[in-house]
Amino acid sequence: MSEETQVGVEQQRCGLMAIVGRPNVGKSTLLNALVGQKISITSRKAQTTRHRITGVRTLGDAQFVFVDTPGFQTRHSTPLNRSLNRTVQGALSDVDVVLFVVEAGRFGLDDAKVLSLLPQDKPAILVANKLDAVQRRTDMLPWLKSMQERHPFAEFVPMSAQKNDDIERLFKIVAPYLPQQPWMYEEDALTDRSDRFLAAELIREKLFRLTGDELPYSATVVIDKFEEEGNLKRIAATIIVEREAHKGMIIGDGGEHLKRIGSEARQELERLMAAKVFLEIWVKVRSGWADNEAHLRSYGYE
């Protein structure tokens, strides 16, 4: 008997939760931990998450629908950053609960700018992430008091997204804030994003991880072909960059860099999709794409 049959529709809870915070605060890592599988890419490079990504987890009578958002951009008012910020603000307008993620014990100007966006009529839960990096726990009490003065948070959750016990505790704290209503997704759903979208995101993650800080964040990935033949997926992708120098940086000597990006992306896609993957990647220069609204739309930015 499935969980859905055991839990009557009248007992079901379901709600949308936005995960917000400044860039690089650990939002995507938290989303992946909450869903129990990688659906949002992570890297140390700021602005890694570019799109609104929905993750789903159903536990008992509650279905948690998490929306991971780009970190709110406080610098460089480019069309790309304006698109990212529209995504953040759109996510906040239609959720039931907000998870405001900060680094435990820290609060800076960029955090304050995101905090100013929080809707006053929605419960906000303060998630103090990276608790394991705090040296003296006694410092947390005055910090927490100062945070409560900044916003009337419904709950305070000190945690590390790497620890399963902390993730389970967060679920228990959030559950009562979900409206009583039927589930939006099947019980075993993990995300509303397609395999095609996840393929582009995973290639972009490998690109950023393997090029380090040299490559500007204005590089994107477009999937040109996604075909399924039984247990084989044939994927052709293009990495779009703004300058010839960036193209050379990605390809590397004798194509070694690009081969490694392709190899690591293929292996992770095979694990994620439980299928054999044949992956081809090209690199093309599109000068000024991140400053061009039409290009942004054609590459899937809102």
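These figures come from a predicted structure and were not determined experimentally.

1. Considering the overall build of the chain
And then number 1: Across its full length, the chain carries 10 helices and nine strands.
And then number 2: When the 302 residues of the chain are sorted by exposure, 52% land in the buried category.
And then number 3: Looking at the chain as shown, the accessible area adds up to about 14,100 Å², and 48% of this sits on carbon and sulfur atoms.

2. Thoughts on the sheet that holds strand 7 (residues 220–229)
And then number 1: As summarised here, the arrangement of the three strands in space is 7-8-9, forming an open sheet in which the pairing is mixed. Two strands bound the open sheet, and with one partner strand each, they are strand 7 and strand 9 (276–285). Strand after strand, the sheet turns through a mean of 15° between neighbouring axes, direction not considered.
And then number 2: Examined bridge by bridge, strand 7 and strand 8 (residues 232–241) share nine bridges and lie antiparallel to one another.

3. Some remarks on the pattern of salt bridges
And then number 1: Applying the stated criterion across every chain, the model contains 15 salt bridges.
And then number 2: Of the charged contacts, one joins K145 and E149 as a salt bridge, the two residues approaching to 3.1 Å between their closest N and O atoms. One end of the pair is K145 and the other is E149, both in helix 5 (residues 140–150) and four residues apart, which spans about a single turn. An identical accessibility class is assigned to K145 and E149; each is exposed.
And then number 3: Between R234 and E229 there is a salt bridge, with its nearest N and O atoms 2.9 Å apart.
And then number 4: Judged by relative accessible area, which is 26%, R234 ranks as partly exposed.
And then number 5: What you see here is one network of salt bridges that share partners, running through R22, E103, R106, D111 and K130.

4. Here we look at helix 2 (residues 27–35)
And then number 1: In terms of burial, helix 2 is largely enclosed, as seven of its nine residues are buried.
And then number 2: Note on helix 2: the residue one or two positions beyond its end, G36, has a positive phi of about 90°.

5. Side note on the layout of surface pockets
And then number 1: In this structure, the second largest pocket occupies an estimated 280 Å³ of space.
And then number 2: Along the walls of the second largest pocket sit 14 residues, with A33, N164, I167, E168 and F171 positioned nearest its centre.
And then number 3: Those elements giving two or more residues to the lining of the second largest pocket turn out to be helix 2, strand 2 (53–59) and helix 6 (164–174).
And then number 4: With five residues, the single largest contributor to the lining of the second largest pocket is helix 6.
And then number 5: Looking at the lining of the second largest pocket residue by residue, the class counts come to seven nonpolar, three polar and four charged.

6. Brief notes about the packing of helix 8 (residues 244–251) against helix 9 (residues 256–273)
And then number 1: At their nearest, the axes of helix 8 and helix 9 sit 5 Å apart, and the two run at 65° to each other. It follows that helix 8 is roughly perpendicular to helix 9 by the angle criterion. Residues M249, I250 and I251 of helix 8 form the contact with helix 9, whose participating residues are E256, H257, L258 and I261.
And then number 2: Tallied by class, residues from the contact of helix 8 with helix 9 come to five nonpolar, one polar and one charged.

7. Description of the packing of helix 2 against helix 6
And then number 1: Taken N-terminus to C-terminus, the directions of helix 2 and helix 6 make an angle of 80°; their axes are 10 Å apart at the nearest point. As judged from the angle between their axes, helix 2 and helix 6 are roughly perpendicular. The segment helix 2 lies against helix 6, with L30, A33 and L34 engaging I167, L170 and F171.

8. A closer look at unusual backbone geometry
And then number 1: If you check the backbone angles, K130 has positive phi at about 60° while not being a glycine.
And then number 2: Mapped onto the fold, K130 is located in the loop between strand 5 (124–129) and helix 5.
And then number 3: For K130, a relative accessible area of 30% puts it in the partly exposed group.

9. Quick look at the packing of aromatic side chains
And then number 1: One pass over the structure, following the stated rule, counts five aromatic pairs.
And then number 2: An angle of 5° between the planes, with centres 6.1 Å apart, marks the rings of F64 and F66 as stacked. In terms of burial, F64 and F66 fall into one category: buried.
And then number 3: Through successive ring pairs, a cluster of aromatic residues spans F64, F66 and F171.
And then number 4: R234 extends its terminal NZ or CZ atom over the ring of F278, reaching a point 5.5 Å from the ring centre.

10. A few points about the pairing of strand 5
And then number 1: Within strand 5, six of the six residues are buried, which leaves the element mostly enclosed by the surrounding structure.
And then number 2: Side chains A124, L126 and A128 project from strand 5 onto one buried face, and the interleaved I125, V127 and N129 project onto a second face that is buried too.
And then number 3: Relative to strand 5, strand 4 (residues 97–103) runs parallel, the two sharing six bridges. Residue pairing in the sheet places F100 in a bridge with L126 of strand 5.
And then number 4: Between strand 4 and its parallel partner strand 5, the chain crosses via helix 4 (residues 109–115), and the hand of that crossover is right-handed.

Rules behind the numbers
- Residues numbered from 1 in each chain as written.
- Predicted model: local features only at pLDDT ≥ 70, side-chain atom pairs only at ≥ 80, totals over all residues.
- Heavy atoms only, no water.
- Helix = DSSP H or I, 4+ residues; strand = E, 2+ residues; numbered from the N terminus.
- Buried < 20%, exposed > 50% of the residue type's maximum accessible area, 1.4 Å probe, protein only.
- Areas by Shrake-Rupley, 256 points an atom, 1.4 Å probe, with all protein chains shown as cover.
- Pairing = 2+ DSSP bridges.
- Axes fitted to C-alpha atoms, helices over the stretch in contact; angles between N-to-C directions.
- Salt bridge = Lys/Arg side-chain N within 4 Å of Asp/Glu carboxyl O.
- 1 Å grid on protein atoms, 1.4 Å probe; cavity = no way out; pocket = protein on both sides within 12 Å on 5 of 7 lines; lining within 4 Å.
- Points joined across faces, edges and corners; volume = space filled by probe spheres on them.
- Nonpolar A, V, L, I, M, F, W, Y, C, P; charged D, E, K, R; others polar.
- Parallel < 35°, antiparallel > 145°, perpendicular 65-115°, else oblique.
- Contact = heavy atoms within 4.5 Å.
- Phe/Tyr/Trp six-rings, centres within 6.5 Å; stacked < 30°, edge-to-face > 60°.
- Lys NZ or Arg CZ within 6 Å of the ring centre and 35° of its normal.
- Right-handed = clockwise from strand over helix to strand, strands pointing away.

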